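Structural characterization, general
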Amino acid sequence: MGCNDRKYPVNHELNRYSLLRFWEANYRQREPHNLLAMIDTWLRCDVSDNPTYQGDYKRDLSSIKAKTLVMPATTDLYFTPEDCALEAALIPDAFYRPIASIWGHRAGNPYQNPDDEAFIREAIRELLAN
C-alpha cells in the first residue's frame, strides 16, 4: 500500500500546508548525504538480516522477549496499521494500540497533540501494569 493508493482520505490543503511549512523547511536544513543515508537505511532495513536469523523475519520477531508497544497511526502511510498489526502478532507480549489520528506518520508527537500524548501515556501505563 503506497501513498498514491488513496486508501485514506486526502486533505490537499492540509498536505500542502504541511509540506510547505514543516517538511520542506525542515529538510532543506539537513545535510543531503544524511538524507540519502536515511533513505538507504529504510530501503535495506531488515532486522532479520544477520547471522543469527539469516533472513527469517518471523523467527526474529518471535524471539523478542521485551514487552512491546506497537503504536502506528491509523493514517500512517509509512508504517501502515495493517503491517504493524501483522508484525505485532509475531512478537510475544506485544500490545497493538493504533493511534486514531489524522496526522499520519507524525501522530503521537506530544508536542503537537495533547490527545495523542494522553493516549500514549495510557498505553504505557497499561503495558507496565501487565
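Below, the structure is looked at part by part. On a predicted model such as this, the values are computed, not experimentally measured, just so you know.

Calculation criteria
Residues numbered from 1 in each chain as written. Predicted model: local features only at pLDDT ≥ 70, side-chain atom pairs only at ≥ 80, totals over all residues. Heavy atoms only, no water. Helix = DSSP H or I, 4+ residues; strand = E, 2+ residues; numbered from the N terminus. Buried < 20%, exposed > 50% of the residue type's maximum accessible area, 1.4 Å probe, protein only. Contact = heavy atoms within 4.5 Å. Areas by Shrake-Rupley, 256 points an atom, 1.4 Å probe, with all protein chains shown as cover. Patch = residues over 30% accessible without salt bridge, like charges linked within 9 Å, V, L, I, M, F, W, Y side chains within 5 Å. Salt bridge = Lys/Arg side-chain N within 4 Å of Asp/Glu carboxyl O. Polar contact = N/O pair within 3.5 Å; in protein donor to acceptor, adjacent residues only side chain to side chain.

**A short note on the overall build of the chain**
In terms of helices and strands, the chain carries 5 helices and 2 strands. The order of α-helices and β-strands along the chain, N terminus first, is α-α-α-β-α-β-α. Taken across its 130 residues, the chain has 22% of its residues classed as buried. Sequence separation of at least 24 residues holds for 58% of the intrachain contacts in the chain that already meet a minimum separation of 6. Accessible surface computed for the chain: about 9,800 Å², of which carbon and sulfur atoms make up 57%.

**Some words on a nonpolar patch on the surface**
Residues Trp-23, Met-38, Trp-42, Tyr-78 and Phe-79 make up a contiguous nonpolar surface patch of about 550 Å² in total accessible area. Counting through the fold element by element, Trp-23 comes out in helix 1 (residues 12–28).

**Observations regarding the side chain of Thr-68**
By secondary structure assignment, the location of Thr-68 is in strand 1 (residues 68–70). At a separation of 2.9 Å, a polar atom in the side chain of Thr-68 contacts the main-chain carbonyl oxygen of Ala-66. Setting aside anything within four residues of it in sequence, one finds Thr-68 in contact with Ile-91, Asp-93, Ala-94, Phe-95 and Leu-127.

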